[in-house]
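Listed here are the chains, written in short residue letters.
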Amino acid sequence: MVVQQLLTPQPKAKGFLTLEVLVAAALIALTANLATVPSKAYLAQYQRLQVRTAAHRLAADLRSMQQKALFGLTNTDSFHVSTNGEGYYITTKEGNNTISFATLGCDGVYFAQAISNPLRYTAIGAPSATGSFVLKHRQNANFSCSITIQVASGRVDLNENS
């Protein structure tokens, strides 16, 4: 009778083995780790894109001011950096045109360096002030874009610095 009980298959226990649970936990941890590593690189890339977007908009607005002065549309427009450094405004006859980097979708972008005087262009396109504007991101200070205004021509150059 004892031999017959030993030879008779016993019903299997229901549930998971400890090894199976450990393997599943390790796979979940590995997947979570792989998901966070690319997101950090993606976040840095997104912050660089925000700085580029703000720099291109700033350069376009400066070029537009120069073109308006050259074609005699207005030479009274003046460019000012906002007091908090997170945007700028252009004073025109109609009023102020305020550009905030946050409204451009570029939260965290700020002026790391700016031309101190209000910037204007003369009827021949020459700037009243020259120098560089440098834009950076608060969470990614390693990357910046500089917008340089040339002395005589007023040419607006945009450069990226890693």
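Residues numbered from 1 in each chain as written. Predicted model: local features only at pLDDT ≥ 70, side-chain atom pairs only at ≥ 80, totals over all residues. Heavy atoms only, no water.

Notes on the sheet that holds strand 2 (residues 87-92)
Within a beta sheet, neighbouring strands are joined by backbone hydrogen bonds and run either parallel or antiparallel to one another. Ordered in space as 1-2-3, the three strands form an open sheet in which the pairing is antiparallel. Each having just a single partner strand, strand 1 (78-81) and strand 3 (95-100) make up the two edges of the open sheet. Each adjacent strand pair in this sheet contributes to an overall mean axis angle of 20°, direction not counted. As paired strands, strand 1 and strand 2 are joined by four bridges and run antiparallel to one another. Within the sheet, the bridge partner assigned to serine 78 lies in strand 2 and is threonine 91. (Pairing = 2+ DSSP bridges. Helix = DSSP H or I, 4+ residues; strand = E, 2+ residues; numbered from the N terminus. Axes fitted to C-alpha atoms, helices over the stretch in contact; angles between N-to-C directions.)

So, the nonpolar core
Ranked by size, the top nonpolar core spans 27 residues in total, and within it Leu58, Leu62, Phe79, Phe133, Leu135 and Ile147 carry the most contacts. Those elements that provide at least two residues to this core are helix 2 (18-70), strand 2, strand 4 (109-113), strand 5 (131-137) and strand 6 (140-149). The element that contributes the greatest number of residues to this core is helix 2, accounting for eight residues. Aside from chain neighbours lying at most four places away, what touches phenylalanine 133 is Leu58, Leu62, Phe79, Val81, Phe111, Gln113, Ala114, Ile115, Cys145, Ser146, Ile147 and Ile149. (Core = buried A, V, L, I, M, F, W, Y, C linked by side-chain atoms within 4.5 Å. Buried < 20%, exposed > 50% of the residue type's maximum accessible area, 1.4 Å probe, protein only. Contact = heavy atoms within 4.5 Å.)

Concerning the pattern of salt bridges
Counting across every chain of the model gives four salt bridges. Residue arginine 138 pairs with glutamate 86 through a salt bridge whose shortest N-O separation is 2.9 Å. Here arginine 138, found in the loop between strand 5 and strand 6, pairs with glutamate 86, found in the loop between strand 1 and strand 2; they are 52 residues apart in sequence, far enough to count as distant. You can call glutamate 86 partly exposed: its relative accessible area is 32%. Put simply, aspartate 157 and arginine 155 hold a salt bridge, and the shortest N to O gap is 2.9 Å. Owing to a relative accessible area of 55%, arginine 155 belongs among the exposed residues under this scheme. (Salt bridge = Lys/Arg side-chain N within 4 Å of Asp/Glu carboxyl O.)

Comments concerning the sheet that holds strand 5
The four strands are arranged 4-5-6-7 in an open sheet whose pairing can be described as antiparallel. Each having just a single partner strand, strand 4 and strand 7 (156-161) make up the two edges of the open sheet. This sheet shows a mean twist of 25° between the axes of neighbouring strands, independent of strand direction. Of the strand pairs in this sheet, strand 4 and strand 5 are connected by four bridges, and their pairing is antiparallel.

Structural notes on the packing of aromatic side chains
Applying the stated criterion to the full structure yields six aromatic pairs. Each ring, one from phenylalanine 79 and one from tyrosine 88, has its centre 5.0 Å from the other, and the planes form 35°; the classification is tilted. Here tyrosine 88 falls in the buried class, since its relative accessible area comes to 1%. Ring centres of phenylalanine 101 and phenylalanine 111 lie 5.5 Å apart, and the angle between their planes is 45°; on these two criteria the pair is classed as tilted. Of this pair, phenylalanine 101 sits in the loop between strand 3 and strand 4 while phenylalanine 111 sits in strand 4, and the two are 10 residues apart along the sequence. In this pair, the class of phenylalanine 101 matches that of phenylalanine 111, namely buried. Members of the aromatic cluster, each reached through a chain of ring pairs, are Phe79, Tyr88, Phe101, Phe111 and Phe133. Note that arginine 138 overlies the ring of tyrosine 110, its terminal NZ or CZ placed 4.4 Å from the centroid. (Phe/Tyr/Trp six-rings, centres within 6.5 Å; stacked < 30°, edge-to-face > 60°. Lys NZ or Arg CZ within 6 Å of the ring centre and 35° of its normal.)

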